[in-house]
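# An overview of the molecular structure
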Amino acid sequence: MYVLGIETSCDETSVSVVRDGRQVLSNKISSSLKIHKKYGGVVPEIASRMQLESLSEISDASIREAGIKLKKIDLISVTSGPGLAGSLLVGVSFAKALSLVTGKPLIGVNHLHSHIYANFLNAKGVRLPFIALVVSGGHTSLFRVRDFDKIETLGATRDDACGEAFDKVAKILSLGYPGGPFIERLAKKGNPKKIRFNCSGTRQPLDFSFSGIKTAVLYYVKNHLSHRPSCPERSRGTTIDHRLKYDIAASFQESVVDALIDKSLLACRLKKINRLVIGGGVAANNRLRVKFHAAAKERAINYYFPPGELCTDNAAMVAGFAYRLFRKGHRSDLYLDMQLAQ
Ligand code: KG4
Ligand code: ZN
């Protein structure tokens, strides 16, 4: 069965063809990131306009690359939420139109759930049930997955998402956008034990909080700026010693990584499940992977990460996940609408 996946929840425009929920035949991804970079974050209006302009062309190219024709597609799938309203609207409208003209069934999928599914693409997959951690720019959530249509939220961030905290700390340090890869690169040269940055506690043990640590970094940086009054760049933090920047990045990253690991392993323990799946943009972080390896091994937890290119937003995970839902009898109709909430 050939499934067309469409993903436009944030700044990416991605279209993919996946066969039988596993074999990725094409996965075209185009991003408007270059334009957003100068604003230090995604500008929703720009993202949706770019998606509107490029989606049809990317869809044609993806189907071509898969070596099939549109009429061979058996199912049209699209991210229906959560995400940016305008961006979701472009993808959902396009998918509905395509379903209407081709007469092929349509299915809308949850973005966070499809991040989990990235672990099943071009891979053997994971035995059910399992615990899933989704760490992205917009969300940080723990799930218990009993089946592909039985996904229960165990915890979520109370404030900033994990990737958002990486992005904001990168901005405080005058690095680029998106911040995660910049922080990771700097952290390699720093001492993770140099500064004590802690993630705040939460009332629910499986929830997360990243806003406090971001503010702690901000004040730390403010207090360690060089006090040359004439320096015009002072307010941008560029006068901070570059070795100190490495230590800030390393110490921040370490604390965030530890919080993600602690809560994930706690979820495994509380729910008595020893399989853990990780997904979302932050899952590309190598320090997270290395530390997960040690911690999971110690507690006999089997853990799974998708390959780096399937951690960040892509349509292959949408098409793969949609296939599973379709096989379970799920369908959407032309009243399918975007969903902003998780
Ligand atoms: O899943 P994703 O592509 O988009 C959303 O659904 O939000 O995640 C993007 C987020 C950004 O915040 C970015 O800074 C973060 O993932 N990210 C990373 C790394 N690569 C991307 N964070 C930490 N380390 C990385 N290597
Ligand atoms: Zn995402």
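Attention here is on the structure that accompanies the text. Source: prediction; values computed, not measured. (Residues numbered from 1 in each chain as written. Chains lettered and ligands numbered in written order. Predicted model: local features only at pLDDT ≥ 70, side-chain atom pairs only at ≥ 80, totals over all residues. Heavy atoms only, no water.)

### Section: the packing of helix H5 (residues 162–172) against helix H8 (residues 242–271)
- The contact between H5 and H8 brings their axes to 12 Å, and the two run at 175 degrees. Here H5 lies roughly antiparallel to H8, going by the angle between them. Contacts from Cys162, Ala165, Phe166 and Val169 of H5 reach H8 at Phe252, Gln253, Val256 and Leu260. (Axes fitted to C-alpha atoms, helices over the stretch in contact; angles between N-to-C directions. Helix = DSSP H or I, 4+ residues; strand = E, 2+ residues; numbered from the N terminus. Parallel < 35°, antiparallel > 145°, perpendicular 65-115°, else oblique. Contact = heavy atoms within 4.5 Å.)

### A word on the sheet that holds strand S3 (residues 23–31)
- Strand order in this open sheet of 5 strands is S3-S2-S1-S4-S5, and the pairing throughout is mixed. Each of the sheet's edge strands pairs with one partner strand only, and the pair in question is S3 and strand S5 (106–110). Geometrically, the sheet is characterised by an average inter-axis angle of 20 degrees between neighbouring strands, direction not taken into account.
- Across the sheet, helix H2 (residues 44–65) touches strand S1 (2–7), strand S2 (12–19) and S3, and the angle it forms with S2 is around 25 degrees.
- Strands in contact with helix H3 (residues 85–102) are S1, strand S4 (75–81) and S5; relative to S4, the strand with the most contacts, it is inclined by about 160 degrees. (Pairing = 2+ DSSP bridges.)

### Things to note about the site of ligand 1
- In the neighbourhood of ligand 1, 20 residues make up the surrounding shell, with Gly137, Asp167, Gly180, Glu184 and Gly281 lying closest.
- His115 places a side-chain nitrogen or oxygen 3.1 Å from an oxygen atom of ligand 1.
- Gly163 places a main-chain nitrogen or oxygen 3.1 Å from an oxygen atom of ligand 1.
- Contact with the protein chains hides 90% of the accessible area of ligand 1, taken as 550 Å² for the molecule alone.
- Taken atom by atom, the bulk of ligand 1 overlaps the largest pocket. (Near = heavy atom within 4 Å. Polar contact = N/O pair within 3.5 Å; in protein donor to acceptor, adjacent residues only side chain to side chain. Areas by Shrake-Rupley, 256 points an atom, 1.4 Å probe, with all protein chains shown as cover. 1 Å grid on protein atoms, 1.4 Å probe; cavity = no way out; pocket = protein on both sides within 12 Å on 5 of 7 lines; lining within 4 Å. Sits in = over half its atoms within 2 Å of the grid points.)

Function-wise, these values are silent; they only describe arrangement.
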